[in-house]
Amino acid sequence: RAIAGVLRPGRLVVLESTTWPGTTREVLRPLLEAGGLRCGEGLFLAYSPEREDPGNPRFRTAGIPKLVAGADPASLRLALALYGAVVERTVAVGSLEAAETAKLAENVFRAVNIALADELKRACHGLGVDVWEVIGAAATKPFGYMPFWPGPGPGGHCIPVDPLYLRWAAARAGVAMPLLAAADAINQAAPLHVLARLETALAARGRRLAGASVLVLGLGYKRNVADLRDSPGPRLMAEIEARGGVAAHFDPLMPVLPPLPEHPGLGARRGIAWSPGTLAGFDAALIAADHDGVDYAALVAHCPLVLDTRNVCARLGLVAENVVGA
């Protein structure tokens, strides 16, 4: 609506947000045309979804292929020219709806496979098998397999949200997506399974979660990222305290936990001062995100129990009796 109020003839408008199929044509186009301009004549409209991997330095924006779709042939030509000046490869898609769905397909693929990795982790726990070794061994196959690693649950503003767009759009068309619904349920429950592992590990040491002090390491939803949107770290803190425990945090990227509307009980908390004495004062530490710049050796040496959801201790060779996989 704000853009429509200042549009002049000849402008190209591109939607980059991830959204349900039909948004660009059914929602955005009427808003932009309300001022009198017509798409394909005085107004040009395209869809080109954002693609990025936060915290991953191996991919530059210019090197990531860009999907581009236009509301009409002229809009597509203009959008391809725009992005072609910025990225090395543009990929023309036949319709706005196909491009919107392609972006959802990318993130749905990740959501389903993250859920599969978490379910495999729980099966391996029951079988007495190391899930990290299992996935690593399977990943040596050069075809037909792509490794996804378990964790405390997905976060960010893509994986927990985008599958819901596709399920809603499919349901509107009369199509159910039971696999996607199951994956969403598994992903939503992942932090609760981590807490169950924490309770079991504490019980084996004669402690209950109620009354225990737990340090949560890493609040961002993935390694070396400070994005808290739908992140499992704050949710784990809130769940620990809901069960009678006391939760503190340490995150080198986030010295202070900002107020979070979804977790009002956490408030604006300051992270702990990292020291051997402070670490020894906790009943357990829970690694939620394996950020760089953390002295994991000191954590293992001084904290009586370390629940590692990211396998970072094993990767660093910090194998000890007080380190438990989650």
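As a reminder, the structure under discussion sits directly above these lines.
A brief report on the enclosed structure follows. The structure presented is a predicted model; accordingly, all values stated were derived computationally and were not measured.

A count of helices and strands for the chain gives ten helices and eleven strands. With respect to the principal axes defined by its C-alpha atoms, the chain has extents near 75 × 45 × 40 Å. With 326 residues in all, the chain has 45% of them scored as buried. Across the chain, the 32 positively charged side chains and the 31 negatively charged ones have centroids separated by 3 Å.

Attention now goes to the pairing of strand 1 (residues 11–15). Direction of pairing for strand 1 relative to strand 2 (residues 43–47): parallel, over a ladder of five bridges. From the neighbouring strand, Leu-12 faces strand 2, where its bridge partner is Phe-44. Read as a crossover between parallel neighbours, the route from strand 1 over helix 1 (residues 23–33) to strand 2 is right-handed.

Following both chains from N to C, one finds helix 1 and helix 3 (residues 96–127) inclined at 115 degrees, their axes separated by 8 Å at the closest point. Taken together, helix 1 and helix 3 sit at an angle that is classed as roughly perpendicular. In this structure, helix 1 uses Thr-23, Thr-24 and Arg-25 to contact helix 3, whose residues at the interface are Leu-96, Glu-97 and Glu-100. Residue composition of the contact of helix 1 with helix 3, by class: one nonpolar, two polar and three charged.

Attention now moves to a nonpolar patch on the surface. Residues Leu-120, Leu-127, Val-129 and Val-134 make up a contiguous nonpolar surface patch of about 320 Å² in total accessible area. Inspection of the secondary structure puts Leu-120 in helix 3. For Leu-120, a relative accessible area of 31% puts it in the partly exposed group.

Scanning all chains against the criterion turns up five aromatic pairs. On the numbers, 5.8 Å between centres and 10 degrees between planes, the contact of Trp-132 with Trp-149 is stacked. With Trp-132 in helix 4 (residues 131–138) and Trp-149 in the loop between helix 4 and helix 5 (162–172), this pair connects stretches of sequence that are 17 residues apart. Relative to Trp-274, the ring of Phe-250 lies with its centre 4.7 Å away and its plane at 45 degrees, an arrangement referred to as tilted. Placement of Phe-250 in strand 6 (residues 246–250) and of Trp-274 in the loop between strand 8 (269–270) and helix 8 (276–280) is noted, with a sequence separation of 24 residues between them. An aromatic cluster is present here, built from Trp-20, Tyr-165 and Trp-168 joined pairwise through their rings. Stacked on the ring of Tyr-83, the Lys or Arg Lys-66 has its end atom at 4.5 Å from the ring centre.

As a further point, take the sheet that holds strand 1. One open sheet holds the four strands; their spatial order is 1-2-3-4, and the pairing between them is mixed. With partners counted over all chains shown, the strands left at the sheet margins are strand 1 and strand 4 (90–92), one partner each. Here the average twist between neighbouring strands, direction ignored, is 35 degrees. The sheet contacts of helix 2 (residues 73–84) involve strand 1, strand 2, strand 3 (66–70) and strand 4, and relative to strand 3 the element is tilted by about 155 degrees.

Criteria and cut-off values
- Residues numbered from 1 in each chain as written.
- Predicted model: local features only at pLDDT ≥ 70, side-chain atom pairs only at ≥ 80, totals over all residues.
- Heavy atoms only, no water.
- Helix = DSSP H or I, 4+ residues; strand = E, 2+ residues; numbered from the N terminus.
- Buried < 20%, exposed > 50% of the residue type's maximum accessible area, 1.4 Å probe, protein only.
- Lys, Arg positive; Asp, Glu negative; His and termini not counted.
- Charge placed at Lys NZ, Arg CZ, Asp CG, Glu CD.
- Pairing = 2+ DSSP bridges.
- Right-handed = clockwise from strand over helix to strand, strands pointing away.
- Axes fitted to C-alpha atoms, helices over the stretch in contact; angles between N-to-C directions.
- Parallel < 35°, antiparallel > 145°, perpendicular 65-115°, else oblique.
- Contact = heavy atoms within 4.5 Å.
- Nonpolar A, V, L, I, M, F, W, Y, C, P; charged D, E, K, R; others polar.
- Patch = residues over 30% accessible without salt bridge, like charges linked within 9 Å, V, L, I, M, F, W, Y side chains within 5 Å.
- Areas by Shrake-Rupley, 256 points an atom, 1.4 Å probe, with all protein chains shown as cover.
- Salt bridge = Lys/Arg side-chain N within 4 Å of Asp/Glu carboxyl O.
- Phe/Tyr/Trp six-rings, centres within 6.5 Å; stacked < 30°, edge-to-face > 60°.
- Lys NZ or Arg CZ within 6 Å of the ring centre and 35° of its normal.

Nothing here speaks to function; it is geometry throughout.
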